[in-house]
Amino acid sequence: MKTIVKSVRPLLALFTFILLFSACSPKSDPDPLDQYVGTWIETMLNGKPDTDDEITIAKSGTGLTISDLTSNDIKASISGSGFKADNKSISTGSSYTFSDNTKGILYIQNLTGSVTNGELTLKYSLYSESTTRRISVDFTEVFTKK
């Protein structure tokens, strides 16, 4: 019996040391992308109540993929205290007819986003150009997590 106790003691000491070492090891910081991941429902558009849009944001490697804002997914990267679209000009897949009946494709330009107090704020310009006209309108959309 004494030999069993003597052989178990070093194992218990080793196991205790491993537990203490793992408990004291530095914890990794949370992934900054996690705060953006999920489904978001629009609550405001340019300062006025609005509930038309719903977007989904997912992690994609070291960046983000934004779905349902345009006909195609938008890739974005962390930038400062928020994120920005990887492409400066993103086709929405929709056309715009100007007052002179010329047409142009609508683009989202300079898309940025950030989360503050549980709200996602997207800022961007909607832009279109035809052979005779040009239009650019700035938007700020606020979303809450679903």
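Please refer to the structure placed before this passage.
Not measured: the values here are computed from a predicted model.

Reading the values: rules and limits
- Residues numbered from 1 in each chain as written.
- Predicted model: local features only at pLDDT ≥ 70, side-chain atom pairs only at ≥ 80, totals over all residues.
- Heavy atoms only, no water.
- Core = buried A, V, L, I, M, F, W, Y, C linked by side-chain atoms within 4.5 Å.
- Buried < 20%, exposed > 50% of the residue type's maximum accessible area, 1.4 Å probe, protein only.
- Helix = DSSP H or I, 4+ residues; strand = E, 2+ residues; numbered from the N terminus.
- Contact = heavy atoms within 4.5 Å.
- Salt bridge = Lys/Arg side-chain N within 4 Å of Asp/Glu carboxyl O.
- 1 Å grid on protein atoms, 1.4 Å probe; cavity = no way out; pocket = protein on both sides within 12 Å on 5 of 7 lines; lining within 4 Å.
- Points joined across faces, edges and corners; volume = space filled by probe spheres on them.
- Nonpolar A, V, L, I, M, F, W, Y, C, P; charged D, E, K, R; others polar.

Asker: So what exactly am I meant to see when it comes to the nonpolar core here?
Answerer: The nonpolar side chains of soluble globular proteins are, as a tendency, buried together. Formed by 20 residues in total, the largest nonpolar core has its most connected members in Ile55, Ile66, Leu111 and Leu120. Among the secondary structure elements, those contributing two or more residues to this core are strand S3 (54-60), strand S4 (63-67), strand S5 (74-79), strand S6 (82-85), strand S8 (103-116), strand S9 (119-129) and strand S10 (134-145). The dominant element in this core, judged by the number of residues it contributes, is S9, at three residues. Beyond its immediate sequence surroundings of up to four residues, Ile55 is in contact with Gly38, Thr39, Trp40, Ile66, Ser67, Asp68, Leu69, Leu120, Leu122 and Phe143.

Asker: How do you make sense of the pattern of salt bridges when you look at a structure like this?
Answerer: Side chains carrying opposite charge are able to pair once their charged atoms draw close together. Within the structure shown, the criterion is met by five salt bridges. Across the pair Lys146 and Glu54 runs a salt bridge whose closest N-O atoms are separated by 3.6 Å. Linking Lys146 in the segment after S10 with Glu54 in strand S3, this pair joins segments that are 92 residues apart in sequence. Under the relative-accessibility criterion, Lys146 is labelled exposed at 65%. Residue Glu54 is classed as partly exposed on the basis of its relative accessible area, which comes to 37%.

Asker: What's the story with the layout of surface pockets in this structure? I'm lost.
Answerer: In this approach a probe as big as a water molecule rolls over the atoms, and the regions it shows empty are the leftover space. The calculated volume of the largest pocket comes to roughly 220 Å³. Taken together, 15 residues make up the lining of the largest pocket; nearest its centre are Asp53, Leu69, Tyr124, Leu126 and Glu141. Elements with a minimum of two residues in the lining of the largest pocket: strand S1 (38-45), S8, S9 and S10. Tallied by class, residues from the lining of the largest pocket come to seven nonpolar, two polar and six charged.

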